[in-house]
Amino acid sequence: MRIIPAIDLINGKCVRLSKGAYETAKIYHENPLELAKEMEDHGIQYLHLVDLDGAKAHTVQNHRILYEIATKTNLIIDFGGGIKTRVDLELVFSNGAGQVTLGSMAINDPELFMECLSSYGAERIMLGADCRNRKIATQGWLEHSEIDVLDFIRKYFESGVQYVVCTDIARDGMLSGAANELYQEILSSLPLNLIASGGVSCMNDLKVLKSMACEGAIVGKALYEGRITLKQLSDLC
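Calculation notes
Residues numbered from 1 in each chain as written. Predicted model: local features only at pLDDT ≥ 70, side-chain atom pairs only at ≥ 80, totals over all residues. Heavy atoms only, no water. Helix = DSSP H or I, 4+ residues; strand = E, 2+ residues; numbered from the N terminus. Rg over C-alpha atoms; globule rule 2.2 N^0.38 Å. Buried < 20%, exposed > 50% of the residue type's maximum accessible area, 1.4 Å probe, protein only. Contact = heavy atoms within 4.5 Å. Areas by Shrake-Rupley, 256 points an atom, 1.4 Å probe, with all protein chains shown as cover. Axes fitted to C-alpha atoms, helices over the stretch in contact; angles between N-to-C directions. Parallel < 35°, antiparallel > 145°, perpendicular 65-115°, else oblique. Left-handed = near helix turned anticlockwise from the far one by under 90°. Nonpolar A, V, L, I, M, F, W, Y, C, P; charged D, E, K, R; others polar. Salt bridge = Lys/Arg side-chain N within 4 Å of Asp/Glu carboxyl O. Core = buried A, V, L, I, M, F, W, Y, C linked by side-chain atoms within 4.5 Å.

1. A closer look at the overall build of the protein
Okay, step 1: On a plain count of helices and strands, the protein comes out with eleven helices and twelve strands.
Okay, step 2: Its C-alpha atoms give the protein a radius of gyration of 16 Å, within 12% of the compact-globule value 18 Å for 237 residues.
Okay, step 3: The C-alpha extent of the protein, read off along each of the three principal axes, is 40 × 35 × 30 Å.
Okay, step 4: Evaluated residue by residue, the protein yields a buried proportion of 58% over its 237 residues.
Okay, step 5: Restricting to contacts in the protein with at least 6 residues of sequence separation, those with at least 24 account for 66%.
Okay, step 6: Accessible surface, the protein as shown: approximately 9,800 Å² in total, 46% of it carbon and sulfur.

Here's what the structure looks like:
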């Protein structure tokens, strides 16, 4: 299982939100590049970089930070937030992203999403399936739909998606444990690569996700709050 620490960006700083609410933003680090280098020094190979400014502005904002991290570390970066057009997507890839997570585009412009999937391939385009009470949310979780998360994932899996990043918004930043039942339901229904996101609070949570055969697990607040250390993550990598 891939261990993927997260850096969420607002105003160029590393923050964490609770349940996706922007007003709960707490700054944990002033320098994203410095933090990324520290992760790499501990043997971390992957990074989940989220442009929260971009998600809110509906266009990519933090591509310069992406470029800095991509050019000054060897981390393999999954980038998400604010990618609404082909221009946004090309900007992100040209600045060093290895993979991108597309959620809002898949809801609001399915045709464009499929064009991007075809152009860049299923290894690089990941479906973002973020939900609250099983209903898909978009635009930095500021907008909600009536689409069931499993139906949403199934539709795109049948269209060629191989990688899905799934977040239970109610658990994100709450240190309440991952959405194990939801992930088990998804994995028992569809043979895809599932990256679990949201709620990881301790090393045991990661071990459970690994035992469920999740392809990856994103770790955020537990790392910043010291409940999980980079050394522990490096031992699991």
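2. Topic: the packing of helix α1 (residues 32-41) against helix α3 (residues 63-72)
Okay, step 1: Viewed as axis vectors pointing N to C, α1 and α3 meet at an angle of 30 degrees, and their least axial separation amounts to 10 Å. One finds that α1 runs roughly parallel with respect to α3. In this structure, α1 meets α3 at a crossing whose hand is right-handed. Touching Pro-32, Leu-33, Ala-36, Lys-37 and Glu-40 of α1 are Ile-65, Glu-68, Ile-69 and Lys-72, all from α3.
Okay, step 2: Residues of the contact of α1 with α3, tallied by class, amount to five nonpolar, no polar and four charged.

3. Focus: the pattern of salt bridges
Okay, step 1: All chains considered together, the criterion is met by nine salt bridges.
Okay, step 2: As a salt-bridge pair, Arg-16 and Asp-8 come within 2.9 Å of each other at their nearest N and O atoms. Comparing Arg-16 with Asp-8 shows no difference in burial state: the two are buried.
Okay, step 3: Asp-235 is the partner of Lys-231 in a salt bridge, and the nearest nitrogen-oxygen pair spans 3.0 Å. Here Asp-235 and Lys-231 lie together in helix α11 (residues 230-236), a separation of four residues that amounts to about one turn.

4. Some remarks on the side chain of Asp-148
Okay, step 1: Tracing the sequence through the fold places Asp-148 in strand β9 (residues 143-148).
Okay, step 2: By relative accessible area, Asp-148 is classed as buried at 16%.
Okay, step 3: Those residues within four positions of Asp-148 in sequence are excluded, and the remaining contacts are Arg-134 and Lys-135.

5. Overview of the nonpolar core
Okay, step 1: Counting 72 residues, the largest nonpolar core has Ile-7 and Leu-233 as the members making the most contacts within it.
Okay, step 2: Residue contributions to this core peak at five residues, all from helix α7 (residues 149-157).

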